[in-house]
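An overview of the molecular structure
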Amino acid sequence: MTHPELATAPAAAPRVRLSESAVQRLRAAVRGELIEPEHAAYEEARQVYNAMHDRRPALIVHAAGVADILAVVRFAAEQGLALAVRGGGHSVPGFGTCDGGVVLDLRRLRGIRVDPARRRVRAEGGCTWGELDHATNAFGLATTGGVVSTTGIAGLTLGGGMGYLSRRCGLSCDNLVSADVVTADGRFVTCSETREEDLFWALRGGGGNFGVVTSFEYRLHQVGDIYGGAIFFPVEGDILRSFQDRIAGAPRKLGAVFAFTKAAPLPFLPAEWHGKPVCAVIACWSGAIERGEKAVAPLRRLGPVAGAFIDRMPYPQINTLFDELLPAGLRQYWKGNFVRRLTDEAIAAHVDHAARTPTIESGTFLVPIDGACHAVAPEATAFATRDARFSTVIAGAWPDRADDEANVRWVREYWAALRPHSEEGGYVNFMSADDQDRVESNYGGHYQRLVAIKSRYDPANLFRVNHNIRPLA
Ligand code: FAD
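Residues numbered from 1 in each chain as written. Predicted model: local features only at pLDDT ≥ 70, side-chain atom pairs only at ≥ 80, totals over all residues. Heavy atoms only, no water.

As a further point, take the side chain of serine 215. Within the element layout of this structure, serine 215 appears in strand 10 (residues 212-219). A distance of 2.6 Å separates the side chain of serine 215 from the side chain of arginine 122, its partner in a polar contact. When near neighbours in sequence (up to four residues on either side) are disregarded, serine 215 contacts Arg122, Ala123, Glu124, Gly125, Ser178, Ala179 and Asp180. (Helix = DSSP H or I, 4+ residues; strand = E, 2+ residues; numbered from the N terminus. Polar contact = N/O pair within 3.5 Å; in protein donor to acceptor, adjacent residues only side chain to side chain. Contact = heavy atoms within 4.5 Å.)

Shown next as structure tokens:
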């Protein structure tokens, strides 16, 4: 069986000949670095976070500013080349790279400006959540971001964005106030609720389909130290069943993610659990710190606790708990879906497949998207499934190429078992490369409006290295 993720061995990649004179003109136009296959830095520059994607772009440009982004977008459009935009580079389907096209790498664009009086932050497109959390935490402020600090703000926000603050503050895209964008026709525009409103609507959930976002402006919330951490339990259906009930009634300031995984050798977990399948709840109380212990207590009582690490900590720290377990260079394959209600059958399917979680790096995560996420009107943003209760991702991760087949199979079989108990669509940021045929169902009733906006802003589909919303004609 050939998986799309396995199909791009370097030897098979076409060697694209770029026009010498066009590259010379581009070189003269950019202040950043151009890296072609002969360049000493090429091997390193072509790597992305997921080691499954061994692709060979014809050109990689490390942009040094908006002027470079304008030049690269115009170059790729004129030359008819595929353009992969790389924010944090965490796309599991590998959309931060491509074979034979241009990679526009934004990772040197990491400027952040916090405006504490207005509770706003503006951050450039190459920032990670760790950088953003660090900058805003200095002012006792934060916005919803990802649960791993090395993930890019760009891809995560454009797909929707969920994390420990989403029950309280909404999705990352709900906190987007404005965005600076380079469009496919090489224009620079600022969009917001009152300017280029359609583009702004589409960016909030529609992924990287509509342009290169050079900077994001977010609303911030008062978040200082939080009370939280991880609680581990044996794999039992009742624990997930109780989690579903308790989180539904919990205050919005209690964020939590439910996980099935295989226990890493963590110091607070007795040795007999190491390497065993476990359930875990990662909790994050962002309300008054003295109420934290009481707020988290119902999650500690979900079942017999195998081990726990719960404490007061600065908010950015909770978003680093998985960092060490998930470094760049692992091989990864994910599939996801949305769930309105976890039925007994769905819970049984979880327990069955989670008990066979193949590696300690792999896990199945159920991220609640209730509370403030449900308070946003469904038509307000392109993010479509506001009435779901959980976004589920079966996240396979493993170190060795030899184990590709077995791990991909585990994810696919698990996902197939959940499918009858899930919604048609899922969260674009939890999809695999072979989920292109699900894009329409991911957007449900919003899809036709997205197609219309795509047709207006990118009629030639320059931005197609993504879960692609195809323009008309
Ligand atoms: P990239 O690979 O750089 O880009 C992803 C997509 O966005 C590509 O299509 C790319 O072309 C496009 N893109 C990137 N930058 C720009 C830009 N500036 N303008 C326009 N398009 C752009 N998701 C959550 O919601 N919550 C989580 O807690 C969470 N945790 C994660 C943890 C890990 C370890 C990983 C690997 C992923 C996680 N995700 C999470 C999923 C994450 O949202 C996606 O992988 C997301 O695409 C990553 O964004 P990136 O900028 O790092 O990726």
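This next bit is on the nonpolar core. Membership of the largest hydrophobic core comes to 42 residues, with the highest contact counts inside it found for Met162, Tyr315 and Ile318. Of all elements in the fold, only strand 12 (225-234), strand 13 (254-262), strand 14 (277-285), helix 10 (315-318), strand 16 (331-339), strand 17 (363-368) and strand 18 (390-398) reach the threshold of two or more residues within this core. Top element by residues in this core is strand 14. It accounts for four residues. When residues no more than four places from it in sequence are discounted, the contact partners of isoleucine 318 are Val147, Tyr164, Ile226, Gly228, Gly229, Ile282, Ala283, Cys284 and Met313. If you look at the next biggest cluster of nonpolar residues, it comprises 39 residues, including Ala283, Val411, Tyr414 and Trp415. (Core = buried A, V, L, I, M, F, W, Y, C linked by side-chain atoms within 4.5 Å. Buried < 20%, exposed > 50% of the residue type's maximum accessible area, 1.4 Å probe, protein only.)

So, about the sheet that holds strand 1 (residues 33-35). Spatial strand order, 1-2-4-3: four strands in an open sheet with mixed pairing. Of all strands in the sheet, those bounded by a partner on one side alone are strand 1 and strand 3 (83-86). Adjacent strand axes in the sheet meet at a mean angle of 15°, parallel and antiparallel pairs treated alike. Here strand 3 runs beside strand 4 (residues 102-105); their pairing, made up of four bridges, is parallel. Paired with valine 85 across the two strands is leucine 104, which belongs to strand 4. Sitting on the sheet, helix 3 (residues 66-79) is in contact with strand 2 (59-62), strand 3 and strand 4, with an inclination near 165° to strand 4. (Pairing = 2+ DSSP bridges. Axes fitted to C-alpha atoms, helices over the stretch in contact; angles between N-to-C directions.)

With that settled, the discussion passes to the packing of aromatic side chains. What the rule picks out here adds up to 13 aromatic pairs. An angle of 45° between the planes, with centres 5.9 Å apart, marks the rings of phenylalanine 232 and phenylalanine 268 as tilted. Note that phenylalanine 232 is positioned in strand 12 and phenylalanine 268 in the loop between strand 13 and strand 14, a separation of 36 residues in sequence. Taken together through their ring pairs, the aromatic side chains of Trp334, Phe338, Phe383, Tyr427 and Phe430 make up a single cluster. Between the NZ or CZ atom of lysine 335 and the centre of the ring of tryptophan 415, over which it lies, the distance is 4.6 Å. The ring of tryptophan 201 has arginine 449 lying over it, and the distance from NZ or CZ to the ring centre is 3.9 Å. (Phe/Tyr/Trp six-rings, centres within 6.5 Å; stacked < 30°, edge-to-face > 60°. Lys NZ or Arg CZ within 6 Å of the ring centre and 35° of its normal.)

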